[in-house]
Structures are given as C-alpha cells and as structure tokens.
Amino acid sequence: QVQLVESGGGLVLAGGSLRLSCAVSGSIFSINAMGWYRQAPGNQRELVAKITYDDSTAYADSVRGRFTISRGVARNTVYLQMNSLKLEDTAVYYCNLEDIRRRGYWGQGTQVTVSS
C-alpha cells in the first residue's frame, strides 16, 4: 500500500513563508511525477506545482516565482517551499504521486492558512 503523508502546514502571516513536506512509503512502481494541489473552501482543486522524474517542474501562474517544488535526495520525498504568501494561498494542500503506469496516489492534506 502506498502512503503519502504531508506535513508543514499551519498559520502564517501574509508575506511569510512555509515549507511543506510529503513523505512517500510503500511498494510502488517507478515515480513518474509528484505534485502539490490545493483546494480552498468553495473552490475547485487546482494544481500548484509538479515535478517529473527528470526534475522538470511546472507551476500554476498564481504561484510562479513564489513557490518552489523539489525532491529530496532519497527521491521519496517532495517539498514545497512557499514564500511571499498571500491570503489567497489559504487552502488544504495535497500531495500527489503518479507512478510510471499512471496510477495516482493522494495524501490526506495539510492546512495552510494565511492571515493579514
């Protein structure tokens, strides 16, 4: 069973920073990509950032230049460094893994709340 566990969320002031972590465990096929998604109350889930097996990255326009996705040296962790946080960044952030056979896995999410 593949498990993804997010951590690092919390309450932060606008303009501040947080680093989210996602730890992956279990027996899986090779990882094709990992990403961070978020969902705010009343909104659709949206892709925030994605990193592929070759370390190519992609970002939502709303976070580009402020957020950075990266993988740990063990390649079974993924991080999201969030800087210059805005009120609209408030959401539950979910870690996603896609294996080489295009099977997806999700974590339970971690709450990020940005206040003024």
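Scroll up for the structure.
Residues numbered from 1 in each chain as written. Predicted model: local features only at pLDDT ≥ 70, side-chain atom pairs only at ≥ 80, totals over all residues. Heavy atoms only, no water.

**Q** Before we go on, may I ask you to explain the overall build of the protein chain in this structure?
**A** Across its full length, the protein chain holds zero helices and eleven strands. Ordered by position in the sequence, the α and β elements of the protein chain form the string β-β-β-β-β-β-β-β-β-β-β. Against the 2.2 N^0.38 benchmark of 13 Å for 116 residues, the protein chain shows a C-alpha radius of gyration of 14 Å, consistent with a compact globule. Projected onto the principal axes, the alpha-carbon positions of the protein chain cover approximately 45 × 25 × 25 Å. Here the protein chain, with 116 residues, has 40% of them falling under the buried criterion. At a minimum sequence separation of 6, the contacts of the protein chain that also span at least 24 residues come to 52%. Surface accessibility of the protein chain: about 6,400 Å² in total, with carbon and sulfur atoms responsible for 47%. Each charge sign in the protein chain was given a centre, from 12 positive and 9 negative side chains, and these centres are 3 Å apart. (Helix = DSSP H or I, 4+ residues; strand = E, 2+ residues; numbered from the N terminus. Rg over C-alpha atoms; globule rule 2.2 N^0.38 Å. Buried < 20%, exposed > 50% of the residue type's maximum accessible area, 1.4 Å probe, protein only. Contact = heavy atoms within 4.5 Å. Areas by Shrake-Rupley, 256 points an atom, 1.4 Å probe, with all protein chains shown as cover. Lys, Arg positive; Asp, Glu negative; His and termini not counted. Charge placed at Lys NZ, Arg CZ, Asp CG, Glu CD.)

**Q** Sorry if this is basic, but what is going on with the side chain of E6 here?
**A** Within the secondary structure, E6 is located in strand β1 (residues 3-7). R45 provides the closest opposite charge to the buried, salt-bridge-free E6, at an N-O distance of 9.9 Å. A polar atom in the side chain of E6 sits 3.1 Å from the backbone nitrogen of Q108. Every residue in contact with E6, bar those within four places of it in the chain, is listed here: S21, C22, W36, Y93, Y94, C95, G107, Q108, G109 and T110. (Salt bridge = Lys/Arg side-chain N within 4 Å of Asp/Glu carboxyl O. Polar contact = N/O pair within 3.5 Å; in protein donor to acceptor, adjacent residues only side chain to side chain.)

**Q** Would you take a moment to explain unusual backbone geometry for this structure?
**A** Of note, D55 is a non-glycine position whose phi angle comes to about 70 degrees, a positive value. Locating D55 in the fold gives a position in the loop between β5 (46-52) and β6 (57-59). Take D55: its relative accessible area is 41%, and that puts it in the partly exposed class. One non-glycine residue, S84, adopts positive backbone phi at about 50 degrees. Mapped onto the elements, S84 comes out in the loop between β8 (77-82) and β9 (91-99).

**Q** Can you walk me through the packing of aromatic side chains in this structure?
**A** Taken as a whole and assessed by the stated rule, the structure comprises one aromatic pair. Taking the ring centre of Y37 as reference, the NZ or CZ of R45 above it sits at 5.5 Å. (Phe/Tyr/Trp six-rings, centres within 6.5 Å; stacked < 30°, edge-to-face > 60°. Lys NZ or Arg CZ within 6 Å of the ring centre and 35° of its normal.)

**Q** Quick question: what am I supposed to make of the environment of T110 here?
**A** Take T110: it is sitting in strand β11 (residues 110-115). From its side chain, T110 meets the backbone nitrogen of G9 in a polar contact 3.3 Å long.

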